[in-house]
Every structure is written in C-alpha cells, then in structure tokens.
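A structural walkthrough
These are the residues of each chain, in order.
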Amino acid sequence: MLPSSSIIKKVVMAATGVLLIGFLISHLAANCLMFAGPDMYNEYSHKLVSNPLIYVAEAGLLLLFGYHIVLGIIVTLKNRSARPKSYAVSNSLGERSLASSTMIISGGLILVFLVVHLWTFKFGTDVAPPSEDGVRNLYALVVTRFQSPIYSIFYILCMAVLGLHLSHAIQSSCRTFGISHPLYLGHIRRISYVLAVGFAVGFSIFPIYFGFIK
C-alpha cells in the first residue's frame, strides 16, 4: 500500500533510497572477493544463496526497489505537473542540474540494468560446471561475461548513470530529512559527489580489470 500524503511519499522514497545505498555498499564489498580468486568468491556466493534467509532478503530487496521506483515516478510527475521547476535542485541557488532533471531517465536505465544483471548472473547459464560439492562456479560466469567488450562497456555506462542518479538522490534525501542548513550544504554536496563517483568507479573496476586488463 502506498502512502497518501505527499510528504510521507517523499520520506518513504528517501528512506528506501538510503537502505538501497546500504545494499550497494554490501554488494560492492562482496564483489571485491573476486580479487581473492574463484575459490573464495564461489564459496561466499554458495553460502549466501544456500542460506534459507536469502528468500526473505530477496523479497525485502524487491519490496524496497518496487516502493522506491513507484514513489519516485509518482513524486516526480506530481512535482512537474504542479511546478515545472520544483524538482530542480542546486543546494544553494536552486539551479537545475543534469542529475536532478534526469532522475526518471536515469532511474529507468538503472531498472533496465538490474533486469539484465539478474538475467545474466542469477538466472544465466553457467559457463563451467559446479564443483564436486555442488558449489556454483559464479566466478567463471562473471569473468566470461566481462570478457565481452559489449557487455563490459554496457556495464560501465550503467554505473556512470548510477553515479549520476546517486549524486542528486543523496542530496535530495538529506533535504527530505531536514538536513539542509546553509552552513553544511556545501559539505553535503561534496559528500554526495564523492559517494556517487565512488560507487560508479568501484563497480566499474570489475569489468575494467576482468574485461580489459586481465
């Protein structure tokens, strides 16, 4: 059920966004196990998917993404219809930015990426058989997919879009939660940019390394 109040909608959208950022942090940290080699990465992946609580976690993530997407569309369209420049945000001057004016577009592209990502790695056909213990060789699948220049470039571009989306979303969430005093607006802006670039570069390291370097 969606909240009826516009303010509550924005609060819930911001809250789900913060939780999704937490997921991105944990997902990026887990992906770093790729550099530890196939055994450690595959063992971690196996323990994760074989845990019965994984279904609860996946349902929770689906709910978070669903709420965030639906509320984002509703809030954005309502703001645009009420006041065309209401969604434009520059922390101190109220100027529009590329990130703020393309939130629906970047969000839609991220959704397309998620579908492709899940289809490729969660439901995709393995390129190597599992071990004798039944551990899926996800490492081999990831490396093989990233060795496709087309897929790696698509992945990197999507991470750039994710960074663009986050650069505005973090600032918008802070305003929604009332963290918008002029004294620290500049710090919030800089932190949002650092986090956005950090996520974009962090996730892009894998296709760059396994696709173009290694």
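Structure first, text after, so check above.
Predicted model, so just to flag it, every value in this text is computed and none were measured. (Residues numbered from 1 in each chain as written. Predicted model: local features only at pLDDT ≥ 70, side-chain atom pairs only at ≥ 80, totals over all residues. Heavy atoms only, no water.)

**Topic: the packing of aromatic side chains**
Put simply, the rule reads: Working definition: rings of Phe, Tyr and Trp (its six-membered ring) pair if their centres are within 6.5 Å, and the pair is stacked with planes under 30 degrees apart, edge-to-face with planes over 60 apart, and tilted otherwise. Here a helix means four or more residues in a row that DSSP labels H or I, a strand means two or more in a row labelled E, and each is numbered from the N terminus.
All told, the structure shown has 16 aromatic pairs when counted by the stated rule. Consider the rings of tyrosine 151 and phenylalanine 154, whose centres lie 6.1 Å apart with planes at 50°: the pair is tilted. Placement of both tyrosine 151 and phenylalanine 154 in helix 7 (residues 149–176) is noted, with a separation of three residues, approximately one turn of the helix. The structure contains a cluster of three or more aromatic residues connected by ring pairs, namely Phe35, Tyr41, Tyr139, Phe206, Tyr209 and Phe210.

**Points about the pattern of salt bridges**
We count it as follows: What makes a salt bridge here is a side-chain nitrogen of Lys or Arg within 4 Å of a carboxyl oxygen of Asp or Glu, nothing more. Throughout this description, buried means an accessible area under 20% of the type-specific maximum (1.4 Å probe, protein chains only), exposed means over 50%, and partly exposed covers the range between.
Throughout the structure, instances matching the rule amount to two salt bridges. The residue lysine 122 makes a salt bridge to glutamate 58 at a minimum N-O spacing of 2.7 Å. Taken together, the residues lysine 122 in helix 5 (residues 103–122) and glutamate 58 in helix 3 (residues 54–82) connect sequence positions 64 residues apart. By relative accessible area, lysine 122 is classed as partly exposed at 36%.

**Considering the nonpolar core**
Convention followed: Put simply, a nonpolar core is a bunch of buried Ala, Val, Leu, Ile, Met, Phe, Trp, Tyr and Cys residues held in one set by side-chain atoms that sit within 4.5 Å of each other. Any two residues whose heavy atoms approach within 4.5 Å at even a single point are treated as in contact.
Met34 and Leu166 are the most contacted members of the largest nonpolar core, which totals 27 residues. For this core, the secondary-structure elements that each account for two or more residues are helix 1 (6–31), helix 5, helix 6 (138–146), helix 7 and helix 8 (185–213). Those residues in contact with leucine 166 that sit more than four places away from it in its chain are Ile21, Leu24, Ala196 and Phe199.

**Here's the deal with the packing of helix 2 (residues 38–50) against helix 6**
In plain terms, the rule: Throughout, an axis means a line fitted to C-alpha atoms (over the contacting stretch in the case of helices), and angles, computed between N-to-C directions, take values from 0 to 180 degrees. Geometric relationships in this document are graded by angle, where less than 35 degrees denotes roughly parallel, more than 145 denotes roughly antiparallel, 65 to 115 denotes roughly perpendicular, and other angles denote oblique. Residues were grouped as follows: Ala, Val, Leu, Ile, Met, Phe, Trp, Tyr, Cys and Pro as nonpolar; Asp, Glu, Lys and Arg as charged; and all remaining residues, including Gly, as polar.
At a minimum axis separation of 8 Å, helix 2 and helix 6 run at an interaxial angle of 110°. Considering the angle they form, helix 2 stands roughly perpendicular to helix 6. Of the residues in helix 6, those in contact with Pro38, Tyr41, Asn42 and Ser45 of helix 2 are Leu138, Tyr139 and Val142. Partitioning the contact of helix 2 with helix 6 into residue classes produces five nonpolar, two polar and no charged.

**So, the environment of serine 45**
With respect to the helices, strands and loops of the structure, serine 45 is situated in helix 2. Given a relative accessible area of 11%, serine 45 falls into the buried group. In this structure the C-alpha to C-alpha distance between serine 45 and valine 135, which are 90 residues apart in sequence, comes to 8.5 Å.

**Here we look at helix 1**
Note that an α-helix has 3.6 residues per turn; residues three or four places apart therefore point the same way. Applied cut-off: The length a helix should cover is 1.5 Å for every residue beyond the first.
Counted at 1.5 Å a residue, the expected span for helix 1 with its 26 residues is 38 Å, and the 37 Å between its end C-alpha atoms agrees. Considered for burial, the residues of helix 1 that qualify are Lys9, Met13, Ala14, Thr16, Gly17, Leu20, Ile21, Leu24, Leu28, Ala30 and Asn31.

**So, the side chain of asparagine 31**
Among the secondary structure elements, asparagine 31 is positioned in helix 1. Those residues within four positions of asparagine 31 in sequence are excluded, and the remaining contacts are Tyr41, Phe203 and Phe206.

**Quick notes on the packing of helix 1 against helix 7**
Applicable threshold: Here a crossing is taken to be left-handed if its near helix is turned anticlockwise relative to the far helix by less than a right angle, and right-handed if that turn runs clockwise.
Remark: helix 1 packs on helix 7, axes separated minimally by 10 Å, with the N-to-C direction vectors making an angle of 130°. By the angle between their axes, helix 1 is oblique relative to helix 7. As for how helix 1 packs across helix 7, the hand of that crossing is left-handed. The segment helix 1 lies against helix 7, with Lys10, Val11, Ala14, Ile21 and Leu24 engaging Leu162, Leu166, Ile170, Ser173 and Thr176.

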